[in-house]
Amino acid sequence: MKATGVVRRIDDLGRIVIPKEIRRTLRIKEGDPLEIFTDKEGEVILKKYSPIGELSEFATGYAETLSKTTGHIACITDKDSVIAVSGGSKKEFLEQSLSPELEKVMENKEVYTSKENNEIALPITQNDNKERKYNSQVIYPIISDGDVIRKCYFTFKRAKY
């Protein structure tokens, strides 16, 4: 574990404040659910909870079906990272943090489609550089009860350069 040098006291209701710098780094926002674990050494571990992450086996099957049906790479994400990939390099996408551009599409509940002659496809992960890797792309947030349920799928095909 990485030491931060920040010490917090527990208040009379048993609460602690997670420092703003840590929340920003880990992309934890007000209202985000956290899981609490303990390990053998007695350390308390807080982990951002992902209901979609618990359904990773289902998400993998869904991505495989999308990829086989479309013939393109398919990814399933939760709010923060890619949780399932089919038809492409798992190393390139799996467990990578989402790009701010993709997060914005999801927050705005937009369906995004790039055309074959677009300048550049939307970056999927934070590690994407601005090189054009794909020549078409579809991003579709899945909405339940008026809110994005923290996953979306997208398919794309490799650029032929």
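Note that the structure is a prediction, hence the values are computed from the model and not measured. (Residues numbered from 1 in each chain as written. Predicted model: local features only at pLDDT ≥ 70, side-chain atom pairs only at ≥ 80, totals over all residues. Heavy atoms only, no water.)

A.B. asks: Requested: an account of the overall build of the chain, with residues and values cited.
C.D. replies: Within the chain, the secondary structure is distributed over four helices and seven strands. Beginning at the N terminus, the succession of helices and strands in the chain can be written as α-β-β-α-β-β-α-α-β-β-β. When contacts within the chain are restricted to residue pairs at least 6 apart in sequence, long-range pairs at least 24 apart make up 46% of them. (Helix = DSSP H or I, 4+ residues; strand = E, 2+ residues; numbered from the N terminus. Contact = heavy atoms within 4.5 Å.)

A.B. asks: Can you lay out the side chain of Glu 103 for me, pointing to particular residues and giving the numbers?
C.D. replies: Within the secondary structure, Glu 103 is located in helix H4 (residues 100–107). In this structure Glu 103 comes out as buried when scored by relative accessible area, which is 13%. When sequence neighbours within four positions are dropped, the list of residues in contact with Glu 103 reads Arg 27, Lys 79 and Leu 98. (Buried < 20%, exposed > 50% of the residue type's maximum accessible area, 1.4 Å probe, protein only.)

A.B. asks: Tell me about the nonpolar core, residues and numbers included.
C.D. replies: Ile 73, Cys 75, Val 82, Val 85, Phe 93, Leu 98, Leu 102, Val 105, Met 106, Leu 122, Ile 124 and Ile 139 together form the largest nonpolar core, which totals twelve residues. Within the residue set of this core, elements represented by two or more residues are strand S3 (73–77), strand S4 (82–86) and H4. Here this core takes three residues from H4, the largest share from any one element. Counting seven residues, the second-largest nonpolar core is a separate cluster that includes Ala 63, Leu 66, Ala 74 and Ala 84. (Core = buried A, V, L, I, M, F, W, Y, C linked by side-chain atoms within 4.5 Å.)

A.B. asks: How would you summarise the pattern of salt bridges if you had to cite specific residues and measurements?
C.D. replies: The tally for this structure, following the rule as stated, stands at one salt bridge. Here Arg 15 ties to Asp 11 by a salt bridge, and the two come within 2.8 Å at their closest N and O atoms. Among the residues examined, Arg 15 registers a relative accessible area of 48% and is labelled partly exposed. (Salt bridge = Lys/Arg side-chain N within 4 Å of Asp/Glu carboxyl O.)

A.B. asks: Please provide a residue-by-residue account of the packing of aromatic side chains, values included.
C.D. replies: Applying the stated criterion to the full structure yields one aromatic pair. Seen from their ring centres, Phe 58 and Tyr 62 are 6.1 Å apart, and the 10 degrees between their planes marks the pair as stacked. Here Tyr 62 and Phe 58 lie together in helix H2 (residues 56–70), a separation of four residues that amounts to about one turn. (Phe/Tyr/Trp six-rings, centres within 6.5 Å; stacked < 30°, edge-to-face > 60°.)

A.B. asks: So what's going on with the pairing of S3? Which residues, and what values?
C.D. replies: Along S3, five of the five residues are buried, which leaves the element largely enclosed by surrounding structure. Burial along S3 is two-sided: the face carrying Ile 73, Cys 75 and Thr 77 and the face carrying Ala 74 and Ile 76 are both buried. The pairing of S3 with S4 spans four bridges and is antiparallel. Bridge pairing in S4 places Ile 76 opposite Ala 84. Taking the residues between adjacent antiparallel strands as the criterion, S3 and S4 are bridged by four residues. (Pairing = 2+ DSSP bridges.)

A.B. asks: Outline H2, supporting the account with residue identities and numerical values.
C.D. replies: Working note: α-helix, 3.6 residues per turn, so residues spaced by three or four point in the same direction. Its 15 residues place the ends of H2 21 Å apart at the C-alpha level, agreeing with the 21 Å of an ideal helix rising 1.5 Å per residue. Among all positions of H2, only Ala 59, Ala 63, Leu 66 and Ser 67 are buried. An end-on view of H2 places all buried positions within 95 degrees of arc, on one side of the element. More than 90 degrees from the buried face of H2, the exposed residues found are Glu 57, Phe 58, Lys 68 and Thr 69. One or two residues past the end of H2 sits Gly 71, with phi positive at roughly 80 degrees. (Expected span 1.5 Å × (residues − 1). Arc of directions from axis to C-beta.)

On their own, these measurements won't tell you what the molecule is for.
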